[in-house]
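As a plain string of letters, each chain reads:
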Amino acid sequence: MINFNKEPFYSVFLQNSFVNCSMKILIIEDEREIAQSIKDYFKTNGIQCETAENYNLALTKIDSYDYDCILLDLMLPDGDGFDILKELKAKNKTEGVIIISAKENLETRLEGFNLGADDYLTKPFHLAELLVRMQALIRRKNFKGSNSVIFNEIVVEVFSKTVFVNDTKLDLTKKELDLLLFLIGNENKVLSKSAIAEHLSGDMADMLDNHDFIYAHIKNLKKKLTHAGSGDYIKTVYGLGYKWENEQ
């Protein structure tokens, strides 16, 4: 069973971490109770989680969506977690991977790291520790380990959950914060409306009739940024989507 103890240090960290706002996680775990416990715990910390309880469903989700981090159990009913690592590498996927496994031997750990895993956590584990490790992994991958995301005159302070433009504090919604970090983290890349919808809504995006809500979020974010004196970094790529581009 997962240990639900929450150390005071972790509790303070979780309450103040801004990185949670933009996390989208895939939990590959066949034990439903464990997967649901992780999902419920992460949800209270503002993290969007999807689950896959077997090998084939995991591959389908990996092919269809992009994630910030994948939590990977090695023992699946219809396949091997190591094979998923091989698939991720073959498909040039960039998701961070944390193996969560009951296997404790050194050989298993080494094989996981050699196949591209970023971290390894042995069951049972503290959910708070899993979250902190995941936050650190995503900061390293997306924001070079910094607790502040700085882009010219825009500063996102991780621990205070605030965004400033030229020292002016912006009042952003959670979705706007998610969108801002997603755009900055993918500078100069064209992001389709469907990719943005998936990041903001997960696989629920497939159930939406259209992605008009993306236009509304883009419009509101641009308005707030420019009103505060920010450069016009959000570019519309007609017929394709949007791109965050440094105009300087």
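The rules we used
Residues numbered from 1 in each chain as written. Predicted model: local features only at pLDDT ≥ 70, side-chain atom pairs only at ≥ 80, totals over all residues. Heavy atoms only, no water. Pairing = 2+ DSSP bridges. Helix = DSSP H or I, 4+ residues; strand = E, 2+ residues; numbered from the N terminus. Contact = heavy atoms within 4.5 Å. Axes fitted to C-alpha atoms, helices over the stretch in contact; angles between N-to-C directions. Expected span 1.5 Å × (residues − 1). Buried < 20%, exposed > 50% of the residue type's maximum accessible area, 1.4 Å probe, protein only. Arc of directions from axis to C-beta. Parallel < 35°, antiparallel > 145°, perpendicular 65-115°, else oblique. Nonpolar A, V, L, I, M, F, W, Y, C, P; charged D, E, K, R; others polar. Polar contact = N/O pair within 3.5 Å; in protein donor to acceptor, adjacent residues only side chain to side chain.

Asker: Would you mind going over the sheet that holds strand β14 (residues 241–244) with me for this structure?
Answerer: As a general point, the strands of a sheet are linked pairwise by backbone hydrogen bonds and lie either parallel or antiparallel. The strand order across the open sheet built from 3 strands is β12-β14-β13, with neighbouring strands paired in antiparallel fashion. Both outer strands of the open sheet, β12 (190–191) and β13 (234–237), are each paired with one neighbouring strand and no more. Sheet topology note: the β13/β14 ladder contains 4 bridges and is antiparallel. Bridge pairing links Ile-234 to Trp-244 in β14. Running at roughly 70 degrees to β14, helix α7 (residues 174–185) makes contact with β12, β13 and β14 of the sheet.

Asker: When you look at helix α9 (residues 212–227) in this model, what are you seeing that I'm missing?
Answerer: Because an α-helix completes one turn every 3.6 residues, residues spaced three or four positions apart along the sequence face the same direction. Taking 1.5 Å per residue as the helical rise, α9 with its 16 residues ought to reach 22 Å, and the 23 Å between its terminal C-alpha atoms agrees with that figure. Those residues of α9 that fall on the buried side of the exposure criterion are Ile-214, His-217, Ile-218, Leu-221 and Leu-225. In an axial view of α9, the angular spread of the buried residues amounts to 100 degrees, which keeps them on one side of the axis. Pointing more than 90 degrees away from the buried face of α9 are the exposed residues Asp-212, Lys-223 and His-227. Note on α9: the residue one or two positions beyond its end, Gly-229, has a positive phi of about 100 degrees.

Asker: Where do I start with the packing of α7 against α9 in this structure?
Answerer: A pair of packed helices can be characterised by two numbers: the angle between their axes and the separation between those axes. At their nearest, the axes of α7 and α9 sit 10 Å apart, and the two run at 80 degrees to each other. Between α7 and α9, the angle is such that the two are roughly perpendicular. Two secondary-structure elements touch here, α7 through Lys-175, Glu-176, Leu-179, Leu-180 and Leu-183 and α9 through His-217, Ile-218, Asn-220, Leu-221, Lys-224 and Leu-225. Taken together, the residues of the contact of α7 with α9 sort by class into 6 nonpolar, 2 polar and 3 charged.

Asker: Before we go on, may I ask you to explain the packing of helix α8 (residues 193–201) against α9 in this structure?
Answerer: Orientation of α8 relative to α9, taken along the N-to-C sense of each, is 80 degrees, at an axis distance of 9 Å. With respect to α9, the axis of α8 lies roughly perpendicular. Residue-level contacts link Lys-193, Ile-196, Ala-197, Leu-200 and Ser-201 of α8 to Phe-213, Ile-214 and His-217 of α9. Of the residues contributing to the contact of α8 with α9, the split by class is 5 nonpolar, 2 polar and 1 charged.

Asker: Please explain helix α4 (residues 81–90) as it appears in this structure.
Answerer: All of the buried residues in α4 are Gly-81, Phe-82, Ile-84, Leu-85 and Leu-88. Across the axial projection of α4, the buried residues extend over an arc of 155 degrees, all falling on one side. You can read the cap of α4 off the contacts: a side-chain oxygen lies 2.8 Å from the backbone nitrogen of Phe-82, and it is on Asp-80. Of the residues trailing α4, Asn-92 is marked for its positive phi of about 55 degrees.

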